[in-house]
Amino acid sequence: MSLDGGFLSDDEFLCSICLDLFTNPACTPCGHTFCLCCISKYWDGTAVYQCPLCKKTFAKRPELQINRTLREITEHFKSMRAEHIGGRTKGAPHKRGKSHHQNNLLNELQRKLSKPHHRHRGKSQERVKLASSVPESQGLRLHSAPQSKGSSPPDGSPPGSSPCSWSPLSSSPLDDSPPHTHRCTHRSALRSRRFTVSGAADIKNVPRCPSHGRAIVLYCQTDQMCICSECEEQEHPDHDVTGIEAQWKETKVQLISLEQEVEEIIKERVAKLAEIRESRSKLELSVQRQTAGSLSLFSALVSAVERAQSDLLEALEMKHRAVELQAETSSRQIQLELDQLRTRKSQIQELSRSDDHVQALKTFPLLSTPPPASDWTRPCVTLDLGVDPVYRSLSLQLQKFQDELKAAAERGFPDSFLDSSPTQMQPREKGVQEYAVDITLDANTAHPRLILSEDLKSVWYSERMQLLPDNPERFDRVVCVLGQQEICSGRHYWEVEVGGKTDWDLGVAKASINRKGKLEVTPANGYWFLSHRDKKNYAFRTLPSTHVDLTLHPHKIGIFVDYDNGQVSFYNVDAKLHIYTFNDWFHDSVFPFFSPCVSKNGKNEAPLIITPVCVDDYGDI
């Protein structure tokens, strides 16, 4: 329905799942709104959390909150609709204009919808008022009007001059000096000013020689100075002397030539600046194009790999369940046939020992008939995991990526990549070191031969056994210790300095592992760690062990745990290299695992040290 006047309609408040008005509306991270109950039931019982409208997939189930403002608006709309329908069903005549009560409800709802807008508009108007109150300029230069011919300035300066004015070239308006100081300075400058002598110049305006008091009308080219006639006779008798006017004309020609030379240099410099600006613009466009192209290319590759990994794990899980079901069904059927055969065997043995030959002969035909049996010659469990299509698809995508990467290296990226603005590009993935956590050792789990530092950051082996309580969580045979921090979700990263140790073990272990006696340290038993032996051998404790060849021996090991995705990764911190990643599923919480191993007569006595993680120095990996 639509309320009178077409102001609001049902479609604006309908949930896309139940097709009814919102009840406790909640918004998904992609921006779509549903009833909280509807979207919760939609996601129950599924491992993939998608938006029903745009099909956007979320890695984890979003934690939804009720949109209280929208709920209040929906409740108002429901009440308005109920009153609207109630008013018509009572038999009241329908009028073209709204009733006074309906108008009040619509006005109240409109005020709720437009309230943030009015606040925003009020702030904008306030900013406009503030902006209009700012003066146009704070550094105006004051110029005086030119004096009329024959008139003298009010401060008594020579004719043709202008009174001193405030300007950045003279003095600052913030200067503390009194006004008459500036006027005196101006007069002094006028008195020391040089004038060019011309035929029409008044003799009173010609500068005078300070030594002889005569007019300065000559120029000594030898000493390059202006002189009077008395100076020429006394101080410059044998010098090249010419008149001021003639010398000025010659100098003026030189000035024009010099001005042209400077103008040419200015043009060259301006052209060079334009060339630099153009180069910078081209470089900026090239950087933007390369950035957008590389982000698009590598984002597609990462998405393809992640999708392939998800498809692979899903295919393996489905195949595993199918095989388990097939094996269980076959086992039950075989067990049933075994029970029947054992019963038949007992009957045959009993019949063979019978003394009633007549009854035995009557029963024999029943026992001699072979029972129906299934054909067990074919394999009961299929060993084909069915992951070949996933690998083939990923291989094709990687080949496509290689072709695109080769084309980008040869020809660059086209300008079409510039259409993607930086806000549309995917944000940079966080490096593993940005998930750093503070790890400390748990003294209650340490083997009696292990010594822990006071800050619980270091552990080393001791030849002497310590008298410690034999609590259930303490290891009594393997020289190892766990961290205090429990990992049951999210991502975690820490670093351990191994230095020049010849033997060590680092990784994680389940909380439910057996800690007494000899341990089977494999992923199946709840251990995921990297081992170093004899200062050269590196291996992962799988079954069988997975050996790793490292050309660079690490002095610091980084351990990264992605609990939700079942990954345990190891890194060479100094070389910033990835070493190995376990892929498994954690069905229990895990703890950091440390083992400095035995000292080997002092060759391996150095401690394992948990060090702080430095994000800036480590960089992205």
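Starting from 1, residues in each chain are numbered consecutively following that chain's sequence as written. Where local features are concerned, this predicted model is filtered to residues with pLDDT of at least 70; where side-chain atom pairs are given and counted, the filter is 80 or more; whole-chain, interface and lining totals use all residues. Based on all heavy atoms of the structure, the side-chain values leave hydrogens and waters out of the count.

Novice: Quick one: what's the story with the pattern of salt bridges, residue by residue and with numbers?
Specialist: Pairs may arise between side chains of opposite charge once their charged atoms sit close together. Salt bridge, as used here, is a side-chain nitrogen of Lys or Arg placed within 4 Å of a carboxyl oxygen of Asp or Glu. Under the defined criterion, the tally for this structure stands at 13 salt bridges. Of the charged contacts, one joins Lys 457 and Asp 438 as a salt bridge, the two residues approaching to 2.3 Å between their closest N and O atoms. Linking Lys 457 in the loop between strand 8 (450-452) and strand 9 (458-461) with Asp 438 in the loop between helix 8 (388-411) and strand 8, this pair joins segments that are 19 residues apart in sequence. When accessible area is computed with a 1.4 Å probe and restricted to protein chains, residues below 20% of their type maximum are described as buried, those above 50% as exposed, and intermediate ones as partly exposed. We classify Lys 457 as buried; its relative accessible area is 17%. Given a relative accessible area of 54%, Asp 438 falls into the exposed group. The shortest N-O distance in the salt bridge between Asp 505 and Arg 533 comes to 3.0 Å. Linking Asp 505 in strand 12 (residues 504-510) with Arg 533 in strand 13 (residues 527-533), this pair joins segments that are 28 residues apart in sequence. Here Arg 533 falls in the partly exposed class, since its relative accessible area comes to 24%. Look at the salt bridges and you will find they share partners, linking Asp 503, Asp 534 and Lys 600 into a network. Note on conventions: DSSP H or I runs of at least 4 residues are helices, E runs of at least 2 residues are strands, and numbering of each starts at the N terminus.

Novice: Describe unusual backbone geometry, listing the residues and the values that go with them.
Specialist: Despite not being glycine, Lys 55 has its phi angle at roughly 65°, a positive value. Tracing the sequence through the fold places Lys 55 in the loop between strand 3 (49-50) and strand 4 (57-58). At Cys 597, a position not held by glycine, the phi torsion is positive, near 65°. Within the element layout of this structure, Cys 597 appears in the loop between strand 19 (590-595) and strand 20 (608-611).

Novice: Could you give me a rundown of helix 8, with the residues and numbers involved?
Specialist: Two residues of an α-helix separated by three or four positions point the same way, owing to the 3.6 residues in each turn. Its 24 residues give helix 8 an end-to-end C-alpha distance of 34 Å, which sits within 8% of 34 Å, the value for a rise of 1.5 Å per residue. Buried residues of helix 8: Val 390, Leu 394, Phe 401 and Ala 408, and no others. Gly 412 lies just past helix 8 and shows a positive phi near 80°. In this scheme, a helix's expected span is set at 1.5 Å multiplied by one less than its residue total.

Novice: Describe in detail the sheet that holds strand 18 (residues 577-583), supporting the description with residues and values.
Specialist: The strands making up a sheet associate through backbone hydrogen bonding, with each pair oriented either parallel or antiparallel. At least two DSSP bridges between two strands are needed for those strands to be called paired. Reading across from one edge, 8-9-20-11-16-17-18 is the order of the seven strands in this open sheet, with antiparallel pairing throughout. A strand with exactly one partner marks an edge of an open sheet, and here the two such strands are strand 8 and strand 18. The sheet shows a mean angle of 20° between the axes of neighbouring strands, direction not considered. Of the strand pairs in this sheet, strand 16 (residues 556-562) and strand 17 (residues 567-572) are connected by six bridges, and their pairing is antiparallel. In the sheet register, Ile 557 faces strand 17, and the bridge partner there is Asn 572. Every axis corresponds to a line fitted to the C-alpha atoms, with the helix fit spanning only the stretch in contact, and the corresponding angles, defined between N-to-C directions, vary from 0 to 180 degrees.

Novice: Go over the environment of Thr 546, please, and point to the residues and values.
Specialist: Mapped onto the elements, Thr 546 comes out in strand 15 (residues 546-548). Counting along the chain gives 16 residues from Thr 546 to Leu 530, while the straight-line C-alpha distance between them is 9.6 Å. Non-local contacts of Thr 546, meaning those with residues more than four positions away in its chain, are made with Tyr 538, Ala 539, Phe 540 and Tyr 580. Residues count as neighbours in contact if any of their non-hydrogen atoms are within 4.5 Å of one another.

Novice: Give me the nonpolar core: which residues, what numbers.
Specialist: Among the nonpolar cores identified, the biggest contains 33 residues, and Trp 494, Leu 506, Phe 570 and Phe 594 are the most heavily contacted of them. As used in this record, nonpolar core signifies buried Ala, Val, Leu, Ile, Met, Phe, Trp, Tyr and Cys residues forming a set joined through side-chain atoms within 4.5 Å. Core analysis: the next-biggest nonpolar cluster, separate from the first, contains 17 residues, Tyr 49, Leu 70, Ile 73 and Phe 77 among them.

Novice: An account of the sheet that holds strand 7 (residues 241-243) is needed here, citing residue identities and associated values.
Specialist: Strand order in this open sheet of three strands is 6-5-7, and the pairing throughout is antiparallel. Two strands close off the open sheet at either side, each with one partner strand: strand 6 (225-228) and strand 7. Going from strand to strand, the sheet's axes swing by 45° on average, the running direction of each strand aside. Pairing between strand 5 (residues 216-220) and strand 6: four bridges, direction antiparallel. If you follow Ile 216 over to strand 6, its bridge partner there is Cys 228.

Novice: Can you tell me about a nonpolar patch on the surface, naming the residues and giving the values?
Specialist: A contiguous nonpolar surface patch, about 510 Å² in accessible area, is contributed by Trp 248, Leu 255, Leu 258, Val 262, Ile 266 and Val 270. Locating Val 270 in the fold gives a position in helix 6 (residues 244-352). What makes a patch is a set of residues exposed beyond 30% relative accessible area and free of salt bridges, joined within 9 Å when like-charged and within 5 Å when nonpolar (Val, Leu, Ile, Met, Phe, Trp, Tyr). Each accessible area value is a Shrake-Rupley result obtained with a 1.4 Å probe; residue values ignore everything except the protein chains displayed when judging cover.

Novice: Explain the pairing of strand 5 residue by residue, including any values.
Specialist: For strand 5, the buried fraction is high: four of the five residues fall into the buried class. Across three bridges, strand 5 lies against strand 7 in antiparallel orientation. What sits directly across from Cys 220, in strand 7, is Val 241.

Novice: Describe the packing of aromatic side chains, listing the residues and the values that go with them.
Specialist: Side-chain rings of Phe, Tyr and Trp, where Trp is taken by its six-membered ring, are said to pair if the distance between their centres is within 6.5 Å; with planes under 30 degrees apart they count as stacked, over 60 as edge-to-face, and otherwise as tilted. Within the structure shown, the criterion is met by 16 aromatic pairs. The interplanar angle of 10° and the centroid separation of 4.8 Å between the aromatic rings of Phe 529 and Phe 593 together place this pair among those described as stacked. Of this pair, Phe 529 sits in strand 13 while Phe 593 is found in strand 19, placing the two residues 64 residues apart along the sequence. Taking the relative accessible area as the measure of exposure, Phe 529 reaches 1% and is therefore buried. The rings of Phe 540, Phe 570, Tyr 580 and Phe 582 are connected pair by pair, giving a single aromatic cluster.

Novice: Kindly report on the side chain of Gln 567, identifying the contributing residues and their values.
Specialist: With respect to the helices, strands and loops of the structure, Gln 567 is situated in strand 17. Residues contacting Gln 567, with those up to four places away along its chain left out, are Gln 309, Phe 560, Val 561, Asp 562, Thr 581, Phe 582, Asn 583 and Phe 586.

Novice: Talk me through the environment of Ile 559; I want residue IDs and the actual numbers.
Specialist: By the element assignment, Ile 559 lies in strand 16. Ile 559 sits 13 residues away from Asn 572 along the chain, and the two C-alpha atoms are 9.4 Å apart.

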